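# Structural description and commentary
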Amino acid sequence: MTSEVAACDSVVYLNGEFVPTASAMVSVDDRGFLFADACYEVTLVVHGRCIALDRHLARLQGGLDELRIEFDATALRPVHDELIQRNHLDGEPTASVYVQVTRGVAPRSHSFPVGAVPTVLMRAQAIPSLAGAASNGARAITVEDIRWGRVDVKTTGLLPNVLAQQAAIDAGADDVILHRGGLVTEGSHTNVFAVFGHTLVTAPTDHRILAGVTRGVVLELARRDGVPVEERVWTVDELASAEEVLMTSTTAGVRPIVAVDGRVVGDGMRGPVTAQLQASYAAFLKSDGD
């Protein structure tokens, strides 16, 4: 399916209805627009199959519960399949489904409105192959993490992430490694790992990082494959001695980082632990993917 066809024929799911993308409209009084009072998820689709959908819906539900937005995320499971079919993406090698749930439409006020009905938007689109993103070593820069204190909740308030990613682009890099007070947190839209002495290290899941779905799968695969794993606090200074650095995300899979702040990581090539995790993750995607 070409992008022209997709642009002309694409359909979104909005508040219980499937409507043409061009005619989908959200109120200017929606709290997602006014306050970023909303949660979102992005799920990978491989040849029409949603990968780890239960994990994504569980994380979405957790975020909604934290924000006290009353909505049952499990109701969106069948919508994923229908949206993929309606957009003719079941034959695409890779696609994604974006879900956003806001608190709804209400007069602008900082306190929670009474009786607001959540706004639900879902859209699907083809995305580049994960193999391409994973095979090419990426370059990153380090940036101070200025995001809010509850990044474990996947809200749509992403302006600090946008600014950080643009800083990477301006520096001729591909992504950022965020740090708070010198402690590595994650990327602008990824989780970050390093390898020290063949041990895979990543930040623990607390309020400072988002518990990435791909991150969780990769940790499970690493432990299954006998790769030593440490979920611990680690520092920007440690990056200088890392044998490998890698990032994970829904839309990029497992991606090697070959340079940080202009300094080559290891020998400047994808390392053996990264290669092993890429192979295991690729096999996971070919299985039931959940």
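Residues numbered from 1 in each chain as written. Predicted model: local features only at pLDDT ≥ 70, side-chain atom pairs only at ≥ 80, totals over all residues. Heavy atoms only, no water.

Okay, the packing of aromatic side chains next. Scanning the model with the defined rule gives 4 aromatic pairs in all. Consider the rings of F196 and W234, whose centres lie 6.1 Å apart with planes at 75°: the pair is edge-to-face. Placement of F196 in strand 10 (residues 191-196) and of W234 in the loop between strand 12 (229-231) and strand 13 (244-249) is noted, with a sequence separation of 38 residues between them. Residue F196 is classed as buried on the basis of its relative accessible area, which comes to 16%. Overall, the relative accessible area of 0% leaves W234 in the buried class. Here the basic side chain of R86 rests over the ring of F18, its NZ or CZ set 4.3 Å away from the ring centre. (Phe/Tyr/Trp six-rings, centres within 6.5 Å; stacked < 30°, edge-to-face > 60°. Helix = DSSP H or I, 4+ residues; strand = E, 2+ residues; numbered from the N terminus. Buried < 20%, exposed > 50% of the residue type's maximum accessible area, 1.4 Å probe, protein only. Lys NZ or Arg CZ within 6 Å of the ring centre and 35° of its normal.)

Attention shifts here to empty space enclosed by the protein. Using the criterion set out here, one finds 3 cavities of 30 Å³ or more in the structure. Put simply, the largest cavity is a space of about 70 Å³. Considered class by class, the residues forming the lining of the largest cavity number 7 nonpolar, 1 polar and 2 charged. (1 Å grid on protein atoms, 1.4 Å probe; cavity = no way out; pocket = protein on both sides within 12 Å on 5 of 7 lines; lining within 4 Å. Points joined across faces, edges and corners; volume = space filled by probe spheres on them. Nonpolar A, V, L, I, M, F, W, Y, C, P; charged D, E, K, R; others polar.)

Another aspect to go through is the confidence of the model for the protein. Confidence in the prediction for the protein averages 94 pLDDT; 94% of positions are at 70 or higher. This stretch, residues 1-6, has a pLDDT under 50; its non-local contacts, to residues over four places away or in other chains, come to 6 contacts. (pLDDT = per-residue confidence, 0-100. Contact = heavy atoms within 4.5 Å.)

Quick look at the side chain of N161 now. Turning to its location among the elements, N161 is positioned in helix 6 (residues 159-170). We classify N161 as buried; its relative accessible area is 10%. In terms of polar contacts, N161 uses its side chain to reach the backbone carbonyl oxygen of S188, at 2.8 Å. Excluding residues within four positions of it along the chain, N161 makes contact with R147 and S188. (Polar contact = N/O pair within 3.5 Å; in protein donor to acceptor, adjacent residues only side chain to side chain.)

What follows concerns the pattern of salt bridges. One side chain can pair with another of opposite charge once the charged atoms of both are near each other. Considering all chains together, one arrives at 17 salt bridges under this definition. A salt bridge links R55 to E220; the shortest N-O distance between them is 3.1 Å. Separated by 165 residues along the polypeptide, R55 in helix 3 (residues 53-67) and E220 in helix 7 (residues 213-224) bring together distant segments of the chain. For R55, a relative accessible area of 25% puts it in the partly exposed group. Taking relative accessible area as the criterion, E220 reaches 45% and is therefore assigned partly exposed. When the shortest N-O distance is used, the salt bridge between D206 and R208 registers 2.7 Å. A single network of salt bridges, built from pairs that share partners, joins D145, R147, R180 and E186. (Salt bridge = Lys/Arg side-chain N within 4 Å of Asp/Glu carboxyl O.)

Below, the discussion takes up unusual backbone geometry. Located in the positive-phi region is A36, a residue other than glycine, with phi close to 55°. Here A36 shows up in the loop between helix 2 (31-35) and strand 3 (38-46). Positive phi, close to 55°, is recorded for A52, a residue that is not glycine.

Let's shift gears to the pairing of strand 2 (residues 17-20). The pairing of strand 1 (residues 11-14) with strand 2 spans 4 bridges and is antiparallel. Bridging from a neighbouring strand, V11 pairs with P20 of strand 2. Linking strand 1 to strand 2, which pair antiparallel, is a turn of 2 residues; within it N15 sits at a positive phi near 50°. (Pairing = 2+ DSSP bridges.)

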